Amino acid sequence: MAAPGKVAAFRLPPLPTVGEIIKLFRLKAQRQLSQNFLLDLRLTDKIVKQAGELKNAHVCEVGPGPGGITRSILSAGVEQLLLIEKDARFIPGLQMLSEAAPGKVHIVHGDILTYKMEKAFPKHLKKDWDDEPPDIHIIGNLPFSVSTPLIIKWLANVSKRDGPFTYGRTQMTLTFQKEVGERLTANPGGNQRSRLSIMAQHLCSVENCFVIPGQAFVPKPEVDVAVVHFTPLVQPKIQQPFELVEKVVRSVFQFRRKYCFRGLETLFPESGRFKRTEQLMMTANVDPTLRPYQLSMSQFRNLCNTYRKMCDEDPGLFVFDYREELKQKKRTRNFHKSTSQPEQTEEEDQL
């Protein structure tokens, strides 16, 4: 459906409504797959509008389902639309849309978590990272069960400039549970500030566009849904490998309600732990009594840069795993105290 007052570059011929498609192919959302259908084309138009100018663009839609957002994307006048759908039940309905837009739609029956996105678009669309974003967009009403692991995977791709970001700073417009959307965009000191906030914001400009009430979906989810737009930054705010940043940030937020010193301790083996944590925080100029959610992006940058230097000086440090150390300690305790079950330590209980 074209926006009021605008002439669509492409107009779909008369088709059954999305609701009629659902009835025709006897489609039913599966709760175990976190599936929720969005039937209101005014809302699907609004989601697609957040992606920006799509006329003659190349778009990948993730999990199109019965094709509500797909119709809005086609009506925006795209050059090519790649649909990646894991659930085979939706393929016949999507093929109807493909036939209604000859030469524009390519359907892949597959899993977006394993699909090779670096080969999804024509090579001539590639742009240098310092240039404006390429005319490529990723759009999707993501199942809740896959949204967080998928955005972490794509953020890793942004950091390494591979996958869909082989073509440049490809933009994404995706749906998440409202709470996840708030985490992605949370500022320092906010209740929703989390590992996801840092990992997303140090690599992308992240905008929480608008919220769709749960009752707009079929079946109605127990939560509202946020539409979030991502544009990769030309320069990440923390210029360290993705795995190192994730390890530091994950450690900080491991004990969210405690001082950040407590989480950062888990970066180091028990022998010399306190001294090395103190060294890390002093060199990074971070107050050890701050809570994890109070730390600014620049403080996380200082922590990551300092930890990198410490890893360079001690090559075995980066592969240290605090959880494995706890498991080993527990196995040793059980061996020596086989007559009674030891109580869980505070660390084991929280982890």
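Residues numbered from 1 in each chain as written. Predicted model: local features only at pLDDT ≥ 70, side-chain atom pairs only at ≥ 80, totals over all residues. Heavy atoms only, no water.

- If you check an unreviewed UniProt entry, the chain appears there as rRNA adenine N(6)-methyltransferase from Campylorhamphus procurvoides.
- What UniProt states about the chain under its Sequence similarities (unreviewed entry) heading is, verbatim, "Belongs to the class I-like SAM-binding methyltransferase superfamily. rRNA adenine N(6)-methyltransferase family. KsgA subfamily." (UniProt positions renumbered as here; feature names shortened; annotations may be inferred.)

1. Re the pairing of strand E3 (residues 80-85)
No. 1: The element E3 is largely enclosed, with a buried count of five among its six residues.
No. 2: Taken together, the five bridges between strand E2 (residues 58-62) and E3 define a ladder with parallel strand orientation. If you follow Val62 over to E3, its bridge partner there is Ile84.
No. 3: Handedness of the β-α-β unit built from E2, helix H3 (residues 68-75) and E3 comes out right-handed. (Buried < 20%, exposed > 50% of the residue type's maximum accessible area, 1.4 Å probe, protein only. Helix = DSSP H or I, 4+ residues; strand = E, 2+ residues; numbered from the N terminus. Pairing = 2+ DSSP bridges. Right-handed = clockwise from strand over helix to strand, strands pointing away.)

2. A few points about helix H5 (residues 144-160)
In an α-helix, one turn spans 3.6 residues; hence positions three or four apart end up facing the same way.
No. 1: Taking 1.5 Å as the rise per residue, H5 with 17 residues should run 24 Å; its terminal C-alpha atoms sit 25 Å apart, in good agreement.
No. 2: Listed as buried for H5 are Phe144, Val146, Ser147, Leu150, Ile151, Ile152, Trp154, Leu155, Ala156, Asn157 and Val158.
No. 3: Arg161 sits one or two positions beyond H5 and adopts a positive phi of about 55 degrees. (Expected span 1.5 Å × (residues − 1).)

3. Let's talk about the environment of Thr332
No. 1: Relative to the helices and strands, Thr332 resides in helix H12 (residues 322-336).
No. 2: For Thr332, a relative accessible area of 35% gives the class partly exposed.
No. 3: Within the structure, the side chain of Thr332 is placed 2.9 Å from the backbone oxygen of Gln328, a separation counted as a polar contact. (Polar contact = N/O pair within 3.5 Å; in protein donor to acceptor, adjacent residues only side chain to side chain.)

4. A look at the pattern of salt bridges
No. 1: All chains considered together, the criterion is met by 12 salt bridges.
No. 2: For the salt bridge of Asp87 with Arg89, the shortest nitrogen-to-oxygen distance reads 2.8 Å.
No. 3: On the basis of relative accessibility, which here comes to 12%, the residue Asp87 falls in the buried class.
No. 4: Measuring nitrogen to oxygen at the nearest pair gives 3.6 Å for the salt bridge that ties Lys327 to Glu324. With a gap of three residues between them, Lys327 and Glu324 both fall in helix H12, about one helical turn apart.
No. 5: Residue classification places Lys327 among the partly exposed residues on the basis of a relative accessible area of 45%. (Salt bridge = Lys/Arg side-chain N within 4 Å of Asp/Glu carboxyl O.)

5. Digging into the packing of helix H2 (residues 41-49) against H3
No. 1: Orientation of H2 relative to H3, taken along the N-to-C sense of each, is 60 degrees, at an axis distance of 8 Å. Considered as vectors, H2 and H3 are oriented oblique to each other. Handedness of the H2/H3 crossing: right-handed. Residues Leu41, Thr44, Asp45, Ile47 and Val48 of H2 pack against Gly68, Ile69, Ser72 and Ile73 of H3.
No. 2: Considering only residue class, the contact of H2 with H3 consists of five nonpolar, three polar and one charged. (Axes fitted to C-alpha atoms, helices over the stretch in contact; angles between N-to-C directions. Parallel < 35°, antiparallel > 145°, perpendicular 65-115°, else oblique. Left-handed = near helix turned anticlockwise from the far one by under 90°. Contact = heavy atoms within 4.5 Å. Nonpolar A, V, L, I, M, F, W, Y, C, P; charged D, E, K, R; others polar.)

6. Notes on unusual backbone geometry
No. 1: Positive phi, close to 65 degrees, is recorded for Asn56, a residue that is not glycine.
No. 2: When you line up the elements, Asn56 lands in the loop between H2 and E2.
No. 3: Within the chain, Arg161 stands out as a residue other than glycine whose phi angle is a positive 55 degrees.
No. 4: Summarising the element assignment, Arg161 is placed in the loop between H5 and strand E6 (171-177).
No. 5: Residue class for Arg161 comes out partly exposed when judged on its relative accessible area of 39%.

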